[in-house]
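So the chains spell out like this:
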Amino acid sequence: YAFTNLFGIVVGILCERMDTRLVTFIGGVIMGLALVIASFIKVVWGLILTQGVLFGIGSAFCFIPPCSLPSQWFTKKRGLAIGLVVAGSGVGGIWVTPTVHAMINSIGYAWALRISGILIFAINTSVCWFMRPFFPPQKRDTIIDFTALKDIRFVIIFTSAMFGTSAYFSPFFYLPRYAMVLGGRSRSFGTKMIMSINAASVVGRVLTGFIADRLGKINMLVCCTTIAALSIFVLWLPFHASGTMIAMTIIYGLFCGGFISLLPVVIAELFGVARISNVIGLLYIANFCGSLIGPPSMGAILDNIGHDTNFVPIIVFAGSFMAAAAAFQVILRFIVTRNPFAKV
C-alpha cells in the first residue's frame, strides 16, 4: 500500500503524457507478474520485494487513473461518479477475502497467488481499454508541477490525508484480532467483520458522493472523517460485545469510505481538472507517509505496551489521528469560506 501511494506521483506524470488506457494496462501486467513470481518465493525478503514492492508499484498504475478520470468527465455529479468508481475496491474486498481464503485452504498458498495474479491481469486487461481520458496527452515544460505545494489549501489537505491514512486501516488490521482476544470470537467472525466493513464502505462511498454533490464536497468530507473518528472512540474503545463491534464495522465502513472517495473530488474542486492526475499523485505521498506511520506504529504499540491483550493504546492512537484529520479539514473548510452554511 505504501508503494502504491509513493508511485502515485510517477503515474500522475505518465497519465499527463500517455494514454491512461496504456498506463492501466501496464499496471495489470506488473501486478499479475508480481503475484505469480511471489508464488515461487520461499523467503520473506522475496515476498516483500514481489508481493510488497512490485505489486504496490503495479497497483499505482491501476489506482491513480480511475481516481482522476471521473473528475475530467463529470462536473455536476462528480462526487457520485468518483464514489461509484472507488466503491469498486470495497466490492473487491467483499469477494476477494473469502475467495483467497478458500483457495489457500483447498489448493495451497502458491496456487492461490498464481490464480489471483492471472485473475488480476485478465480482469484489468478487459476493462482498461474503456478508460479513455477527456484531456489528450500533452507535452509539459516541467516533469512535476510543484505549484500546488505553495497553496496553503493543499498543504492542509495533505496533512489531513496523512493523519487520516495513519488511522484508516486500524479496524481492518486490529478489530478482528480484538474480537478474538477480548471477545472470544472465532477467526471466521473476524473475517466476516472485514467483509462487513468492505460492504458498508461500498454503500458509503456511493452514498456520501451523492450527498456531497448536494451539500458540498468539503462539508461532506468533514462529516465523514468526524463520524469515523467518533465511531472509534464511542463504539470500539469502551465495548467488547458482538453487537457493538458489528455496529462499529458498519458505521466506520460507511464513513471511512467517504474519506477515501471524497479526497479526489475535493482536489478537483480546489485545483481544477486539467492537471488533476499530477495533483492527486502529490496528495497520495501523504497516504504513503500515513501508511508507514500508522499500522507499523500500532503493531509496535500493541506488542510492547499492550502485550497483545490491551488494545486501548492503539484504539486511542487511531481515534486521535482520525480526529486530527477532521480538525485539519475543518480548517480547510473555513479557509475556503467562513460562511458556516455555505455549500463547499
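One can find the structure itself at the top, above this paragraph.
Peer 1: Please clarify how the overall build of the protein chain should be interpreted in this entry.
Peer 2: Scanning the protein chain from N- to C-terminus turns up 13 helices and 0 strands. Starting at the N terminus, the α and β elements of the protein chain follow one another as α-α-α-α-α-α-α-α-α-α-α-α-α. Taken against the 2.2 N^0.38 rule, which gives 20 Å for 344 residues, the C-alpha radius of gyration of the protein chain at 20 Å falls within 12% of a compact globule. C-alpha atoms of the protein chain, sized along the principal axes, occupy 55 × 50 × 30 Å. Here the protein chain, with 344 residues, has 51% of them falling under the buried criterion.

Peer 1: Is there a simple way to explain the pattern of salt bridges in this structure?
Peer 2: If charged atoms from side chains of opposite charge come close, those side chains can pair. One pass over the structure, following the stated rule, counts 7 salt bridges. For the salt bridge of Arg-17 with Glu-16, the shortest nitrogen-to-oxygen distance reads 3.9 Å. The class of Arg-17 is partly exposed, set by a relative accessible area of 29%. A salt bridge links Asp-19 to Arg-21; its shortest N-O distance comes to 2.7 Å. For Arg-21, a relative accessible area of 23% gives the class partly exposed. Connected via shared salt-bridge partners are Arg-78, Asp-213, Lys-217 and Glu-269.

Peer 1: Quick question: what am I supposed to make of helix 3 (residues 20–38) here?
Peer 2: What sets the pattern is the α-helix's 3.6 residues per turn: residues three or four places apart point alike. End to end, helix 3 covers 27 Å across 19 residues, agreeing with the expected 27 Å (1.5 Å per residue, within 8%). Along helix 3, the residues that are buried comprise Thr-20, Val-23, Thr-24, Gly-27, Gly-28, Ile-30, Met-31, Gly-32, Ala-34, Leu-35 and Ala-38. Those residues of helix 3 that are buried lie in contact with helix 2 (8–17), helix 4 (44–73) and helix 6 (109–128).

What counts as what
- Residues numbered from 1 in each chain as written.
- Predicted model: local features only at pLDDT ≥ 70, side-chain atom pairs only at ≥ 80, totals over all residues.
- Heavy atoms only, no water.
- Helix = DSSP H or I, 4+ residues; strand = E, 2+ residues; numbered from the N terminus.
- Rg over C-alpha atoms; globule rule 2.2 N^0.38 Å.
- Buried < 20%, exposed > 50% of the residue type's maximum accessible area, 1.4 Å probe, protein only.
- Salt bridge = Lys/Arg side-chain N within 4 Å of Asp/Glu carboxyl O.
- Expected span 1.5 Å × (residues − 1).
- Contact = heavy atoms within 4.5 Å.

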